[in-house]
Amino acid sequence: MQNEFDRILFFEHARKTAEATYSKDPLDAENLTRWGGALLELAQFQNVADSKKMILDGISKLEEALLVQPKKHDTLWCLGNAYTSFAFLIPDQDEAKESFEKSSVYFKQAVDEDPDNEIYRKSLEVAAKAPELHMEIHKHGLAQQVMGAAPASGPSTSSSAKSSKKKKSSDLKYDIFGWIILAVGIVAWVGFAKSQMPASPPPPPR
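Residues numbered from 1 in each chain as written. Predicted model: local features only at pLDDT ≥ 70, side-chain atom pairs only at ≥ 80, totals over all residues. Heavy atoms only, no water.

## A word on the overall build of the protein chain
From N to C terminus, the protein chain includes 9 helices and 0 strands. Each helix (α) and strand (β) of the protein chain, taken in turn from the N terminus, gives the series α-α-α-α-α-α-α-α-α. Expressed as a percentage of the 206 residues in the protein chain, the buried residues total 38%. Long-range contacts, defined here as pairs at least 24 residues apart, represent 68% of the contacts in the protein chain between residues at least 6 apart. Approximately 11,900 Å² of the protein chain is accessible, and the part contributed by carbon and sulfur atoms is 57%. (Helix = DSSP H or I, 4+ residues; strand = E, 2+ residues; numbered from the N terminus. Buried < 20%, exposed > 50% of the residue type's maximum accessible area, 1.4 Å probe, protein only. Contact = heavy atoms within 4.5 Å. Areas by Shrake-Rupley, 256 points an atom, 1.4 Å probe, with all protein chains shown as cover.)

This is the structure:
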């Protein structure tokens, strides 16, 4: 619980820092990406409605970064994660499918820009399995539990097999997306740490 609280404090500070930086330099794509990444992290700790709003806010920041730097691969990758996260909050399969398709497009673009990045390649691979996982989660009524809301009903004592299947689906969700969430956090943390360092000459253009 303390670790969770520390993460909230960290990313809230990162969000506020990015917001302050934006007021001075609205065309800083790196800062916009940090801002979007921090919002994606903070969205995990909200209820479903607030999480959706925060993810959409994060998407808007990331898309703004791409207007400045269209081929920025870490921004493209973060957008893929944002649309994946948003899709899992949508019960309707057809509606969720649109977000999954967008996430795949952004993951593919990230891989195209940085083909040697193993995380990007893995994200693209996992994105293909996401719609099936979404269907399983909502089919077994796991969505509320996965997203942190109270379950609609108490656990069934009559079917341990059904309970086991639910646990398997839930575990699978965390197996697949736990490392993605962690990776988003790492990207945001590294970006934030870099922003606190003394100014250095910009790297040569890629």
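## A closer look at a nonpolar patch on the surface
A contiguous nonpolar surface patch, about 330 Å² in accessible area, is contributed by L27, L67 and V68. Looking at the secondary structure, you find L67 in helix α3 (residues 48-68). The class for L67 is exposed, based on a relative accessible area of 72%. (Patch = residues over 30% accessible without salt bridge, like charges linked within 9 Å, V, L, I, M, F, W, Y side chains within 5 Å. Salt bridge = Lys/Arg side-chain N within 4 Å of Asp/Glu carboxyl O.)

## Comments concerning the environment of R15
One can find R15 in helix α1 (residues 2-24). Placed 22 residues apart in sequence, R15 and G37 show a C-alpha to C-alpha distance of 8.6 Å. When neighbours within four sequence positions are excluded, R15 is seen to be in contact with W35, A38, L39 and L42.

## Observations concerning helix α2 (residues 29-43)
Between its terminal C-alpha atoms α2 stretches 21 Å, which fits the 21 Å expected from 15 residues at 1.5 Å a residue. Counting buried residues along α2, 14 of its 15 residues qualify, which places the element largely inside the surrounding structure. By the N-cap criterion, in which a side-chain oxygen at the helix start approaches the backbone nitrogen of a residue two or three places on, α2 is capped by D28, the distance to E30 being 3.1 Å. (Expected span 1.5 Å × (residues − 1). Polar contact = N/O pair within 3.5 Å; in protein donor to acceptor, adjacent residues only side chain to side chain.)

## What to know about the pattern of salt bridges
Summed over the entire model, instances satisfying the criterion amount to 8 salt bridges. One connected set of salt bridges, linked through shared partners, spans E12, R15 and E19.

## Things to note about the nonpolar core
In terms of nonpolar packing, the biggest core is built from 28 residues, with I55 and L79 touching the most fellow members. Looking at this core, the elements with two or more residues in it are α2, α3, α4 (73-88), α5 (93-113), α6 (118-127) and α7 (130-139). Per-element tally for this core: the top contributor is α4, with 9 residues. Ignoring anything within four residues of it in the chain, the contact list for I55 reads L40, A43, A82, S85, F86 and L89. Membership of the second largest hydrophobic core comes to 6 residues, among which are A18, L32, L39 and A65. (Core = buried A, V, L, I, M, F, W, Y, C linked by side-chain atoms within 4.5 Å.)

## Description of α3
Three- or four-residue spacings in an α-helix give side chains the same orientation, since the helix completes a turn every 3.6 residues. The first and last C-alpha atoms of α3 sit 31 Å apart over 21 residues, in line with the 30 Å expected at 1.5 Å per residue. Along α3, the residues that are buried comprise S51, I55, G58, I59, K61, L62, A65 and L66. Each buried residue of α3 lies within a common arc of 165° when the element is viewed along its axis, so the set occupies one face. Exposed positions of α3 whose direction lies more than 90 degrees from the buried face are K53 and L67. (Arc of directions from axis to C-beta.)

## Focus on the packing of aromatic side chains
With the rule as written, the count across this model stands at 5 aromatic pairs. Pairing Y83 with Y106 gives two aromatic rings, centres 5.9 Å apart and planes at 5°, and the pair type is stacked. You can see Y83 sitting in helix α4 and its partner Y106 sitting in helix α5, a full 23 residues away along the chain. In this structure Y83 comes out as buried when scored by relative accessible area, which is 9%. Ring centres of F88 and F100 lie 5.3 Å apart, and the angle between their planes is 80°; on these two criteria the pair is classed as edge-to-face. On the criterion of sequence distance, the pair formed by F88 in helix α4 and F100 in helix α5 is long-range, its members being 12 residues apart. Comparing F88 with F100, the two get one shared label, buried. (Phe/Tyr/Trp six-rings, centres within 6.5 Å; stacked < 30°, edge-to-face > 60°.)

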